[in-house]
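Residues per chain, in single letters:
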Amino acid sequence: MLSLVLIASLLAFASGKPCDTEGTNSELHLSLNKNLLRSLETQEGLPNPSVHLALRLSNYHNLAKESEHLNRLKNDLHNDIQSSLSSSQSVVGLLALYALALKSSCYDLSTVTFTVNEKSETLLTHLKKQMEDEKEHIAFSQRPLTNYYQYSLGVLALCASGIRVHNHVSNKLIKAVEHEHFKHGDSESIDTNAMAGMALQCVKDTGSHVQKAAELDTALSKIKQKLLASRRTDGHIGNEFSTGLAVQALMAMGTRVAECAASMEAMRTDARSNTYHNPMAISQILPALQQTSYLTVKSKECLNEDDTLVLEPIDPVVDLPSVSKVTVMVEVVASSGAAAVYSVDVPKGSSLLETLELLNGKNVGFTFEKESSLWGPFLSAVNREQARQSDRRYWHLSSDGTALNQGVNDFKIEAAQEITIKNTSY
Ligand code: B12
């Protein structure tokens with residue numbers, strides 16, 4: 001009897017699609033998909049190309065809303081990138097996400113141009129040039145101008161758009177895998193490993209990397225091993241927010257069901273408990289749950305697409321301010337090492353951002369500044385001290401000694417605690 005069960009499960013394993021999940025989860029996917037679509041209406045600031053990409057990779061569509069969003073990308077995001085290029089900033093990540101978003105809508109990329117110094121060139125030419133600059137910077141200082149996550153996005157976007165990625169550009173990524181250069185702060189970056197995995201798999205699939213094919217294969221298996229070895233007992237790969245990209249990468253690299261099922265389940269449990277309310281998080285998780293990856297943009301045809309996704313009106317949620325208050329101690333550690341501690345009472349459930357605003361309003365000497373990003377507000381200055389990317393510094397956030405895995409807008413204060421904001425080098 002036992003051997004029959006064993007044979008049956010082995011057969012099921014052998015016939016399963018990569019990372020297969022049963023159809024019973026489609027309602028959850030649909031609800032995440034609707035939340036993502038709803039975010040187009042509520043999100044402030046620039047239209048988000050990562051959200052567009054996820055909407056386009058989904059099985060369900062609202063074609064009118066997607067096409068309206070495409071127009072916003074082509075105007076608002078385009079103008080923003082144009083001004084960054086005009087002031088010689090490195091924006092590979094954004095350029096790459098813009099290209100992937102356009103490609104996912106089957107938009108003709110050769111018609112998209114930017115004008116710098118009175119010279120008009122296509123988006124992909126600009127991306128290629130920025131990748132060359134990044135590559136030069138790696139050769140000179142062992143790291144890109146931006147980061148390896150964006151460098152990987154650049155390789156992926158060029159490759160998925162049918163542009164041949166120069167061997168010297170992909171070689172730099174292969175070397176970074178070999179020397180384990182993918183860091184997030186001072187820990188290993190699973191997100192970067194995942195993005196590099198998708199990028200290098202794309203390069204491998206084109207068959208153009210013949211010279212150093214063995215090195216490419218070694219890098220791909222190292223990434224795969226790293227992702228599989230980073231699985232926690234609860235199924236997450238890295239943390240809640242890297243699991244989606246990790247599963248996408250594993251699927252792109254041809255991993256089978258048994259190896260992803262627990263991670264899929266972990267993400268579904270997170271989704272049910274509302275962990276993924278930030279549209280950026282949903283945009284990285286949803287393709288994985290629907291068993292697809294950014295790599296599939298390469299062959300997207302946009303034919304006979306579903307158009308059934310409709311948004312039902314939702315009852316406005318009235319957030320009643322919480323009556324109970326908790327005390328938050330805020331410790332600021334400047335780059336000199338000097339520390340200052342402040343205390344503020346906030347309604348339970350406040351965001352860390354609201355907490356910092358309240359503290360700022362108390363006029364006790366605490367000030368801060370933030371910058372907007374695709375993930376929301378990024379804390380850039382505290383007590384008039386900047387922590388700049390150009391100096392390889394940032395304000396690291398932790399609570400009672402544990403690093404936060406969310407930013408100031410998403411992290412909610414549920415109990416009394418000490419928040420430490422430390423000017424850190426990376
Ligand atoms: C690189 C990176 C960093 C670098 C950015 C500088 C650099 N070297 O370029 C550094 C090390 C500074 C960093 C810091 C933090 N990060 Co970070 N970061 C990333 C990573 C790997 C890539 C971001 C990127 O370049 N995207 C591509 C470009 C095109 O998009 P972009 O939005 O324009 O990119 C900018 C922002 O993303 C911003 N940024 C980076 N991290 C974070 C985190 C938050 C919460 C916000 C609002 C913005 C932000 O920096 C990017 C470069 O300018 C992502 C992984 C991912 N899955 O997205 C994690 C990621 C976004 N980071 C994360 C976290 C938690 C943080 C920290 C809060 C960690 C901490 N405990 O302090 C801090 C931010 C604190 C603050 N001051 O507000 C989480 C966010 C999860 C969430 N739900 O919000 C991610 C998803 C990693 C993860 N799986 O946990 N990060």
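This section reports on the structure supplied with the text. These numbers were taken from a predicted model, which means no experiment stands behind them.

### Things to note about the overall build of the protein
Scanning the protein from N- to C-terminus turns up 14 helices and 14 strands. Referenced to the eigenvectors of the C-alpha coordinate spread, the extents of the protein come out at roughly 70 × 60 × 45 Å. In the protein, which comprises 426 residues, the proportion classed as buried is 48%. A sequence separation of at least 24 residues applies to 66% of the contacts in the protein between residues at least 6 apart. Of the roughly 20,500 Å² of accessible surface on the protein, a fraction of 52% belongs to carbon and sulfur atoms. Taking the average location of the 39 positive side-chain charges in the protein and that of its 48 negative ones, the two points are 5 Å from each other.

### Description of the environment of Glu414
Tracing the backbone through its elements, the reader meets Glu414 in the loop between strand 13 (412-413) and strand 14 (417-425). The sequence separation of Glu414 and Ser351 amounts to 63 residues, and the corresponding C-alpha distance is 9.1 Å. In this structure, Glu414 is in contact with Val326, Lys348 and Gly349, ignoring residues within four places of it in sequence.

### Details of the site of the ligand
Taken together, 32 residues form the shell around the ligand, and within it Asn147, His184, Asp191, Asn239 and Leu404 come nearest. Gln150 has a polar side-chain atom sitting 2.9 Å from an oxygen atom of the ligand. Between the ligand and the protein, one listed contact pairs an oxygen atom with a side-chain N or O atom of Gln389 at 3.3 Å. Elements with a contribution of two residues or more to the shell around the ligand: helix 5 (92-104), helix 7 (148-160), strand 9 (376-382) and strand 11 (393-399). Considered class by class, the residues forming the shell around the ligand number 14 nonpolar, 17 polar and 1 charged. Of the domains in this structure, domain 1 (24-299) and domain 2 (325-425) are the two that each give at least three residues to the shell around the ligand.

### Brief notes about the environment of Ala381
Following the sequence through the fold, Ala381 ends up in strand 9. Owing to a relative accessible area of 2%, Ala381 belongs among the buried residues under this scheme. With 264 residues separating them along the chain, Ala381 and Asn117 place their C-alpha atoms 33 Å apart. Here Ala381 is in contact with Thr367, Phe368, Glu369, Gln386 and Trp395, once residues within four sequence places are set aside.

### Things to note about the coordination of the cobalt atom of the ligand
One donor from the polypeptide reaches the cobalt atom of the ligand: His184 (NE2), at 2.3 Å. One way to put it: the 6 donor atoms around the cobalt atom of the ligand meet at angles of 84 to 175 degrees, and that makes the site octahedral. With respect to the helices and strands, the residue His184 is situated in strand 3 (residues 183-184).

### Considerations on the packing of helix 7 against helix 8 (residues 167-178)
In contact at an axis separation of 11 Å, helix 7 and helix 8 are set at 140 degrees when each is read in the N-to-C sense. As summarised for this structure, helix 7 and helix 8 are arranged oblique, according to the angle between their axes. Relative to helix 8, the crossing made by helix 7 is left-handed. Facing Tyr148, Tyr151, Ser152 and Val155 of helix 7, the residues of helix 8 in contact are Val169, Lys172, Leu173 and Ala176. Here the residues of the contact of helix 7 with helix 8 sort into 6 nonpolar, 1 polar and 1 charged.

### A few points about helix 5
With 13 residues, helix 5 ought to run about 18 Å at 1.5 Å a step, and its terminal C-alpha atoms sit 18 Å apart, in line with that. Of all 13 residues in helix 5, 13 are buried; the element is thus mostly enclosed. Of the residues flanking the end of helix 5, it is Cys106, one or two places downstream, whose phi is positive at about 55 degrees.

### Here's the deal with the side chain of His61
Structurally, His61 can be placed in the loop between helix 3 (49-57) and helix 4 (63-86). Judged by relative accessible area, which is 3%, His61 ranks as buried. Dropping the residues within four chain positions of it, His61 is found in contact with Leu55, Arg56, Glu66, Glu305, Asp306, Asp307, Thr308 and Leu309.

### Digging into the sheet that holds strand 11
For sheets, the rule is that strands pair by backbone hydrogen bonds, running either parallel or antiparallel. Strand order in the open sheet formed by 5 strands is 6-5-14-11-12, and the pairing between neighbours is mixed. Looking along the sheet, the strands with just one partner apiece sit at the ends: strand 6 (339-347) and strand 12 (402-403). Bridge count between strand 11 and strand 14: 7 bridges; the pairing is antiparallel. Pairing of Ser399 across the sheet is with Ile419, part of strand 14. Taken strand by strand, helix 14 (residues 352-361) contacts strand 5 (325-333), strand 6 and strand 14, and its axis lies near 110 degrees from that of strand 6.

### Description of the pattern of salt bridges
Where charged atoms from two side chains of opposite charge approach closely, those side chains can pair. Per the stated rule, a full pass over the model turns up 17 salt bridges. By sharing partners, the salt bridges in this structure join Arg56, Glu66, Lys300 and Glu305 into a single network.

### Some thoughts on helix 2 (residues 26-42)
Look at helix 2: 24 Å from first C-alpha to last across 17 residues, which is about the 24 Å you get at 1.5 Å a residue. All of the buried residues along helix 2 are Leu28, His29, Leu32, Asn33, Lys34, Leu36, Leu37, Arg38, Ser39 and Leu40.

### Thoughts on the state of the cysteines
Enumeration according to the criterion identifies 2 disulfides in this entry. Through a disulfide, Cys106 is tied to Cys302; the S-S separation comes to 2.0 Å. Because the torsion about its S-S bond is 90 degrees, the bridge between Cys106 and Cys302 counts as right-handed. Of this pair, Cys106 sits in the loop between helix 5 and strand 1 (113-116) while Cys302 is found in the loop between helix 13 (279-289) and strand 5, placing the two residues 196 residues apart along the sequence. We classify Cys106 as partly exposed; its relative accessible area is 34%. The disulfide bridge from Cys159 ends at Cys202, spanning 2.1 Å between sulfur atoms. The sign of the -95 degrees torsion about the S-S bond sets the Cys159-Cys202 disulfide as left-handed. Linking Cys159 in helix 7 with Cys202 in helix 9 (residues 190-206), this pair joins segments that are 43 residues apart in sequence.

Cut-offs applied
- Residues numbered from 1 in each chain as written.
- Predicted model: local features only at pLDDT ≥ 70, side-chain atom pairs only at ≥ 80, totals over all residues.
- Heavy atoms only, no water.
- Helix = DSSP H or I, 4+ residues; strand = E, 2+ residues; numbered from the N terminus.
- Buried < 20%, exposed > 50% of the residue type's maximum accessible area, 1.4 Å probe, protein only.
- Contact = heavy atoms within 4.5 Å.
- Areas by Shrake-Rupley, 256 points an atom, 1.4 Å probe, with all protein chains shown as cover.
- Lys, Arg positive; Asp, Glu negative; His and termini not counted.
- Charge placed at Lys NZ, Arg CZ, Asp CG, Glu CD.
- Near = heavy atom within 4 Å.
- Polar contact = N/O pair within 3.5 Å; in protein donor to acceptor, adjacent residues only side chain to side chain.
- Nonpolar A, V, L, I, M, F, W, Y, C, P; charged D, E, K, R; others polar.
- Domains from an automatic or database assignment.
- Donors = N, O, S within 2.8 Å, 3.2 Å for Na, K, Ca; no water.
- Tetrahedral: all angles 85-135°; square planar, octahedral: opposite > 155°, others 65-115°.
- Axes fitted to C-alpha atoms, helices over the stretch in contact; angles between N-to-C directions.
- Parallel < 35°, antiparallel > 145°, perpendicular 65-115°, else oblique.
- Left-handed = near helix turned anticlockwise from the far one by under 90°.
- Expected span 1.5 Å × (residues − 1).
- Pairing = 2+ DSSP bridges.
- Salt bridge = Lys/Arg side-chain N within 4 Å of Asp/Glu carboxyl O.
- Disulfide = S-S within 2.5 Å.

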